[in-house]
Amino acid sequence: MLEAEAIHIMREVAAEFERPALLFSGGKDSIVMLALAEKGVLAGPHPFPVMHVDTGHNFGEVLEFATGGSPSSASGWSWRSVQESIDAGRVTEETGRHASRTGCRP
C-alpha cells in the first residue's frame, strides 16, 4: 500500500511540475526513492532526471554509481550532478562557516 502510494505521488509530481528531479545522495533514503521511481516508470520513459548531490563525503562506489560507471547504475535515467550545475553557473555553492553542498541555490 505505501509503495503504491509513493509511486502515485511521484507520478503526480512528474505530471504537475515543470522541471522535477529526484535528488540522490547515495544514502538509504535516496536508494529507496530511486528504486520506487524505477518501479513506477517501468512501462514508460523516465519523466525526470536524477540529480546527484555530492556531499563531499561519498564512498567511491557511490560516485561510480552516480556517474554511470558502475554496472549496477540505474540505466536509462538522465543523471546530473550538483557539481555540473555549479560549473555551468546554474547554481551557486554556499560559502561560509556552515556551508553545505545540499543547500546550493538556483
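None of the values given here were measured: they were computed from a predicted structure.

This part takes up empty space enclosed by the protein. One pass over the full model with this rule turns up one cavity of 30 Å³ or more. The space that makes up the largest cavity amounts to roughly 50 Å³. Lining the largest cavity are I7, M10, R11, A14, L36, A37, G40, V41, P47 and F48. Every element with two or more residues in the lining of the largest cavity is listed here: α1 (2-16) and α2 (28-40). The greatest single-element share of the lining of the largest cavity, amounting to four residues, is contributed by α1.

Moving on to α2. Counted at 1.5 Å a residue, the expected span for α2 with its 13 residues is 18 Å, and the 18 Å between its end C-alpha atoms agrees. On its buried face, α2 sits against α1, β1 (22-24), β2 (50-52), α3 (60-66) and β3 (79-81).

Okay, the confidence of the model for the chain next. Of the residues in the chain, 80% reach a pLDDT of 70 or more, and the chain-wide mean stands at 78. Within the chain, α1 carries the highest mean pLDDT (90), whereas α3 carries the lowest (77).

Rules of the game
Residues numbered from 1 in each chain as written. Predicted model: local features only at pLDDT ≥ 70, side-chain atom pairs only at ≥ 80, totals over all residues. Heavy atoms only, no water. 1 Å grid on protein atoms, 1.4 Å probe; cavity = no way out; pocket = protein on both sides within 12 Å on 5 of 7 lines; lining within 4 Å. Points joined across faces, edges and corners; volume = space filled by probe spheres on them. Helix = DSSP H or I, 4+ residues; strand = E, 2+ residues; numbered from the N terminus. Expected span 1.5 Å × (residues − 1). Contact = heavy atoms within 4.5 Å. pLDDT = per-residue confidence, 0-100.

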